[in-house]
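# Overview (structure and organization)
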Amino acid sequence: MALKGVKVIEMMGLAPGPLCGTILADFGASVTVIQKIDSIANMMDVMTNGKKILKINLKTKEGVQVLTKMCSSSDVLIDTYRPGVMEKLGLGPESVSRINPKLIFARLSGYGQKGYYKHKGGHDINYVAMSGLLSLFKKNNEPPFIPVNLVADFAGGSLMCALGILMALLERSNSGKGQVVDCSMTEGAAYLGTWVYKSRKLPIWQGEPGTNLLDGGAPFYATYRTKDNKFMAVGAIEPHFYSNLLQGLNLTEDDLPDGNNERKEKFQEVFLRKTQEEWSNIFEKLDACVTPVLEMDAVDTHECNKSRESFYKDSDNFIVPEPAPKLSATPGHSSGKRAQPKGDEDAIEILQELGYKNNEIDDLIKKGIVKADKKAKL
């Protein structure tokens, strides 16, 4: 795989950090998650498949020494803590670079490592709000609706951080030196919206949010309920797609009233006459940019996704996406298909690889510096 041989330390945090680590693991990196000892938060991490886990008490000098040794032989560290926490441990970028100048120090936070809000708490909704993008998710003068936690946490956070890491790895192949990747989820979300920011002068954005071409204002770019209480997505922007939409709905221009809202009502009336499956069969034969809104528990059964093997079922029988994009020479392989670590069986192996002797490992375990599976042999 493309990242085979790359060693990553993932300081356990909420969902954005774990997904960033999973992306790297899916494409071949060896990822070790650093967890706190006996923390309830450990059970909240659903992205540990294919990774190793080491639980360390970082409030102790010996615990910090263990992590320091790991940094000396790793390629990437994903820092999910608030700005300044790693520095308090004596493991900030400046300190670590003296130990390992090739280490890429990826810092994933809400508002970045510098600036007015660097110490302020927040979640996806706050970061999307501060990026300016949340103001677009509103209609009819109602408050903006929340687009799940995809925009900042995962698109602006996990993916942008992984991209930054990959660029730093590429640059390191020339300079031989690591660098700091400062990934602000607020800035990442805003950067994701660059096209929206730059296209504001175009006629597609002349109205209030919710009344424009791409935000639900157009009848030919919207979702409609079907007879069986499911939905169809319509994106028939271009004239030939729109013509095929009307053909599929068995309508002509003469059947349609003036005004976007009135046309929407007419389209909704027609869509309610058939089930999602019936409409899917009709538009399967027409190139109209009309597709079913697939539910997550059945997304793998649609022929589009099935033909590309885009999803698989994990050990919990959940449908999960395969890694994307697909690489022809060095394709990824989902870490979710690998075993999820149970207990603390990785600890002793990790410590041995760091050069700790068996008696030293036993001492670390007895003192509560690290947690290890008692059944694992020293």
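Check the entry above for the structure.
Below you will find a few notes about this structure. (Residues numbered from 1 in each chain as written. Predicted model: local features only at pLDDT ≥ 70, side-chain atom pairs only at ≥ 80, totals over all residues. Heavy atoms only, no water.)

Summing up its helical and strand segments, the protein has 14 helices and 12 strands in all. Overall, the protein is about 85 × 45 × 40 Å in size when its C-alpha atoms are taken along their principal axes. A total of 378 residues make up the protein; the buried ones form 43% of that total. Considering only intrachain contacts with a sequence separation of at least 6, the fraction spanning at least 24 residues in the protein is 62%. (Helix = DSSP H or I, 4+ residues; strand = E, 2+ residues; numbered from the N terminus. Buried < 20%, exposed > 50% of the residue type's maximum accessible area, 1.4 Å probe, protein only. Contact = heavy atoms within 4.5 Å.)

Here we come to the nonpolar core. Counting 31 residues, the largest nonpolar core has Val8, Val76 and Ile165 as its most contacted members. Those elements that place two or more of their residues in this core are helix H1 (16-26), strand S4 (76-79), strand S5 (104-109), helix H5 (124-131), helix H6 (150-175), strand S6 (180-184) and helix H7 (185-192). Considering each element in turn, this core owes the most residues, eight residues, to H6. With near-sequence residues (within four places) excluded, Val8 lies in contact with Leu24, Ala29, Ser30, Val31, Thr32, Val76 and Ile78. One finds Val66, Ala347, Ile350 and Leu364 within the second-largest nonpolar core, a separate group that totals 29 residues. (Core = buried A, V, L, I, M, F, W, Y, C linked by side-chain atoms within 4.5 Å.)

Moving on, we come to H6. The largest bend along H6 reaches roughly 25° and is located at Met160. Count one or two residues on from H6 and you reach Gly176, which has phi positive near 80°. (Bend = angle between axes of the 7 residues up to and from the residue.)

For the coordinates displayed, the defined rule picks out 13 salt bridges. The salt bridge partner of Glu10 is Lys51, with a shortest N-O separation of 2.7 Å. Remark: Lys51 occurs in the loop between strand S2 (30-35) and strand S3 (52-56) and Glu10 occurs in strand S1 (residues 7-11); sequence separation between them is 41 residues. Classification of Glu10 by relative accessible area gives buried; the value is 0%. (Salt bridge = Lys/Arg side-chain N within 4 Å of Asp/Glu carboxyl O.)

The subject of this paragraph is the sheet that holds S4. Strand order in this open sheet of seven strands is S6-S5-S4-S1-S2-S3-S12, and the pairing throughout is mixed. Two strands in the sheet have a free side with no partner beyond their single neighbour: S6 and strand S12 (370-371). Examined bridge by bridge, S3 and S12 share two bridges and lie antiparallel to one another. Among the inter-strand pairings, Ile56 is bridged to a residue of S12, identified as Val370. Strands S1, S2, S3 and S4 of the sheet are contacted by helix H2 (residues 61-72), whose axis makes an angle of about 145° with S3. Contacts from H7 reach S5 and S6 within the one sheet, and its direction differs from that of S6 by about 75°. (Pairing = 2+ DSSP bridges. Axes fitted to C-alpha atoms, helices over the stretch in contact; angles between N-to-C directions.)

So, on to the packing of aromatic side chains. Tallying each qualifying case throughout the model produces 10 aromatic pairs. The interplanar angle of 90° and the centroid separation of 5.5 Å between the aromatic rings of Phe137 and Phe145 together place this pair among those described as edge-to-face. Relative to Trp205, the ring of Trp195 lies with its centre 6.4 Å away and its plane at 65°, an arrangement referred to as edge-to-face. Highlighted residues: Trp195 in helix H8 (residues 194-198) and Trp205 in the loop between H8 and strand S7 (221-225), separated in sequence by 10 residues. For Trp195, a relative accessible area of 49% translates into the label partly exposed. Aromatic ring contacts, followed pair by pair, group Tyr224, Phe267, Phe271, Trp279 and Phe283 into a single cluster. The lysine or arginine in question, Lys69, covers the ring of Tyr356, its NZ or CZ lying 4.2 Å from the ring centre. Over the ring of Tyr312 we find Lys337; its NZ or CZ atom is 5.0 Å from the centre of that ring. (Phe/Tyr/Trp six-rings, centres within 6.5 Å; stacked < 30°, edge-to-face > 60°. Lys NZ or Arg CZ within 6 Å of the ring centre and 35° of its normal.)

Pairing is antiparallel in the open sheet, where three strands are placed in the order S7-S8-S9. Strand pairing shows two members of the sheet lacking a second neighbour, S7 and strand S9 (290-292), which therefore form its edges. Within the sheet, the average angular offset between the axes of one strand and its neighbour, ignoring direction, is 20°. Pairing of strand S8 (residues 231-235) with S9 involves three bridges; the strand directions are antiparallel. Considered in S9, the bridge of Ala233 is made with Thr291. Along the sheet, helix H11 (residues 276-284) contacts S8 and S9; its crossing angle with S8, the most-contacted strand, is approximately 30°.

Right, let's get into the environment of Gln65. Along the polypeptide, Gln65 turns up in helix H2. Residue classification places Gln65 among the partly exposed residues on the basis of a relative accessible area of 39%. For the pair Gln65 and Cys161, spaced 96 residues apart in sequence, the C-alpha to C-alpha distance is 26 Å.

The next subject is the pairing of S5. Within S5, six of the six residues are buried, which leaves the element mostly enclosed by the surrounding structure. Here S5 shows a buried face lined by Ile104, Ala106 and Leu108 and a second buried face lined by Phe105, Arg107 and Ser109. Examined bridge by bridge, S4 and S5 share four bridges and lie parallel to one another. Residue pairing for S5: Val76 is matched across the bridge by Ile104. Here S5 pairs with S6 via five bridges, running parallel. Residue pairing across strands places Leu108 opposite Cys183, the latter belonging to S6.

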